[in-house]
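# Summary of the model geometry
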Amino acid sequence: MPIKLPFRPRRQGFPPDLWTKCPTCQEMLYNKQLEKSLRVCDKCGHHFRLRVDARLAQLLDHDTFQERDAGLESVDPLGFVDQRPYPERLAAARTSTGIRDAAMWGTGAIGGHGVAICVMDFAFMGGSMGSVVGEKVTRAAEAALAERLPLVVVSASGGARMQEGTLALMQLAKTVAALVRLAEAGVPYVSVMTDPTTGGVFASYAALGDVNLAEPDALIAFAGARVSAGTIAETLPDGFQRAEFLFAHGFVDQVVKRADLRDVLLGLLGYLRPAPQRRAVSTAAQNGSGNGLLSRPLSTLVDVRADARTGAERSRG
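I will try to describe carefully the structure that is included in this document. (Residues numbered from 1 in each chain as written. Predicted model: local features only at pLDDT ≥ 70, side-chain atom pairs only at ≥ 80, totals over all residues. Heavy atoms only, no water.)

## Remarks on helix α3 (residues 86-97)
Between the first and last C-alpha of α3 there are 16 Å, a value that for 12 residues agrees with the 16 Å anticipated at 1.5 Å per step. For α3, the full list of buried residues reads Tyr-86, Leu-90, Ala-93 and Thr-97. End-on view of α3: buried residues confined to an arc of 65°, all on one side of the axis. Looking at α3, the residues exposed on the side facing more than 90 degrees away from the buried face are Thr-95 and Ser-96. Looking one or two residues past α3, Gly-98 carries a phi angle of roughly 80°, positive in sign. (Helix = DSSP H or I, 4+ residues; strand = E, 2+ residues; numbered from the N terminus. Expected span 1.5 Å × (residues − 1). Buried < 20%, exposed > 50% of the residue type's maximum accessible area, 1.4 Å probe, protein only. Arc of directions from axis to C-beta.)

Right under this line is the structure:
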């Protein structure tokens with residue numbers, strides 16, 4: 001008589017540690033193969049989010065990354081508590097991600113070109129920008145200025161970190177001020193926006209690159225779609241916050257597939273070189289012999305153009 005085995009229902013689904021379902025084409029992707037393809041679906045091209053270590057390994061020459069300020073950690077200046085205290089959230093994020101905060105910065109090389117680079121990781125509290133993230137972006141810009149290195153920032157963020165309140169919002173002004181000093185010194189800055197780049201990060205350093213790049217279909221926006229539509233009381237077009245729409249309307253310079261990103265950066269670094277360091281005061285200015293627009297600082301040229309426009313308007317009146 002045959003032995004009757006106990007009924008075992010067939011397991012539904014796939015082990016989460018072995019397979020990942022593509023949200024675009026619904027294809028089941030083998031995780032090891034997905035990692036080899038830089039977490040891009042080989043069926044439809046969907047770009048999954050990439051962790052900071054994988055991003056650095058993709059972009060930089062092997063063994064050239066030197067991390068700086070690795071010990072910076074957020075504190076709890078406001079004693080913030082929602083469902084649980086802010087320090088507990090930080091500790092849980094550090095345990096689950098293996099990093100101290102949502103950004104990592106340092107120096108490295110891309111095709112032999114030295115760069116200062118800061119990369120954000122959405123896995124750490126949604127890539128939210130608190131005081132540590134703002135400080136790291138600022139220090140990266142300051143190091144790029146001091147060492148005359150091009151700056152590359154890869155953004156992935158849901159916006160400012162609410163648990164730090166106004167201290168998080170202050171990072172917008174701080175990072176922008178550092179980038180203004182970088183631009184005035186003629187040191188190039190390339191911004192790479194990945195999915196998502198939103199809120200205060202988009203409203204500050206992410207959108208201020210000399211060249212702004214974006215990954216395909218990345219969500220790039222300041223406020224949510226419903227908030228934006230409600231603010232202006234109009235129906236906005238589908239996909240108006242996606243990289244391709246922003247490229248078509250001039251807010252992004254190029255949409256770049258992840259596999260091509262390193263080569264595109266390498267090409268840009270070949271064109272964008274830091275300008276020769278200028279002396280603070282020109283010889284002509286010291287002698288009082290400077291005349292014409294070329295002998296004046298850039299900030300005064302803006303004023304000159306504004307004065308010219310005002311004078312023209314008065315003459316027409």
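## Some thoughts on a nonpolar patch on the surface
Judged by side-chain polarity, Leu-18, Trp-19 and Tyr-30 come together as a nonpolar surface patch covering roughly 250 Å² of accessible area. Along the chain, the position of Tyr-30 falls in strand β2 (residues 28-30). Residue class for Tyr-30 comes out partly exposed when judged on its relative accessible area of 36%. (Patch = residues over 30% accessible without salt bridge, like charges linked within 9 Å, V, L, I, M, F, W, Y side chains within 5 Å. Areas by Shrake-Rupley, 256 points an atom, 1.4 Å probe, with all protein chains shown as cover. Salt bridge = Lys/Arg side-chain N within 4 Å of Asp/Glu carboxyl O.)

## Brief notes about the nonpolar core
Proteins that are soluble and globular tend to have nonpolar side chains buried together. Counting residues in each nonpolar core, the largest one holds 59 residues, and the members touching the most others are Ile-117, Val-133, Leu-151, Tyr-205, Leu-213, Ile-220 and Leu-265. If we ignore the near neighbours within four places in the chain, the residues touching Ile-220 are Met-193, Thr-197, Phe-202, Ala-214, Gln-241, Ala-243, Leu-246 and Val-252. Core analysis: the next-biggest nonpolar cluster, separate from the first, contains five residues, Leu-29, Leu-34, Cys-41 and Phe-48 among them. (Core = buried A, V, L, I, M, F, W, Y, C linked by side-chain atoms within 4.5 Å. Contact = heavy atoms within 4.5 Å.)

## What about the pairing of strand β6 (residues 151-157)?
β6 sits mainly inside the fold: seven of its seven residues count as buried. Here β6 shows a buried face lined by Leu-151, Val-153, Ser-155 and Ser-157 and a second buried face lined by Val-152, Val-154 and Ala-156. Bridge count for strand β5 (residues 113-120) against β6 is four bridges, and the pairing is parallel. Paired with Ala-116 across the bridge in β6 is Leu-151. For the handedness criterion, the β-α-β arrangement of β5, helix α4 (residues 131-147) and β6 is classed as right-handed. Pairing between β6 and strand β7 (residues 189-198): six bridges, direction parallel. Each bridged residue has a counterpart across the sheet, and for Ser-155 the counterpart in β7 is Met-193. Crossover connection from β6 via helix α5 (residues 165-184) to parallel β7: handedness right-handed. (Pairing = 2+ DSSP bridges. Right-handed = clockwise from strand over helix to strand, strands pointing away.)

## Some thoughts on unusual backbone geometry
Here the residue pair Asp-195 and Pro-196 is connected by a cis peptide bond, since its omega of -10° sits within 30 degrees of zero. Structurally, Pro-196 can be placed in strand β7. A positive phi angle is found at Met-125, which is not glycine, with a value near 50°. Note that Met-125 resides in the loop between β5 and α4. Residue Met-125 is classed as partly exposed on the basis of its relative accessible area of 22%.

## Details of the packing of aromatic side chains
If you walk through the whole model with that rule in mind, you get one aromatic pair. Their ring planes at 50° and their centres at 5.3 Å tell us that Trp-19 and Tyr-30 sit as a pair that is tilted. Here the residue Trp-19 occupies a position in strand β1 (residues 19-21), and Tyr-30 occupies one in strand β2, the gap between them amounting to 11 residues. (Phe/Tyr/Trp six-rings, centres within 6.5 Å; stacked < 30°, edge-to-face > 60°.)

## Brief notes about the side chain of Thr-97
Tracing the chain through its elements places Thr-97 in helix α3. When neighbours within four sequence positions are excluded, Thr-97 is seen to be in contact with Arg-51, Ala-123 and Phe-124.

## Thoughts on the environment of Thr-235
On the secondary structure map, Thr-235 appears in the loop between α7 (225-232) and α8 (243-248). Sequence separation of Thr-235 and Ala-225 is 10 residues, and the distance between their C-alpha atoms is 9.7 Å.

## What about the packing of α4 against α5?
Put simply, α4 and α5 touch, their axes get as near as 9 Å, and they point 10° apart. As the angle between them shows, α4 and α5 are arranged roughly parallel. Residue-level contacts link Ser-131, Gly-134, Glu-135, Val-137, Thr-138, Ala-141, Glu-142, Ala-144 and Leu-145 of α4 to Gln-171, Lys-174, Thr-175, Ala-178, Leu-179, Arg-181 and Leu-182 of α5. A breakdown of the residues in the contact of α4 with α5 according to their chemical character gives seven nonpolar, five polar and four charged. (Axes fitted to C-alpha atoms, helices over the stretch in contact; angles between N-to-C directions. Parallel < 35°, antiparallel > 145°, perpendicular 65-115°, else oblique. Nonpolar A, V, L, I, M, F, W, Y, C, P; charged D, E, K, R; others polar.)

## Examining α4
The end-to-end C-alpha distance of α4 is 24 Å, a good match for the 24 Å that 17 residues give at a rise of 1.5 Å each. Listed in full, the buried residues belonging to α4 are Val-132, Val-133, Gly-134, Lys-136, Val-137, Thr-138, Ala-140, Ala-141, Ala-143 and Ala-144. Contacts made by the buried residues of α4 are with β3 (66-68), β4 (103-110), β5, β6 and α5. Arg-148 lies just past α4 and shows a positive phi near 55°.

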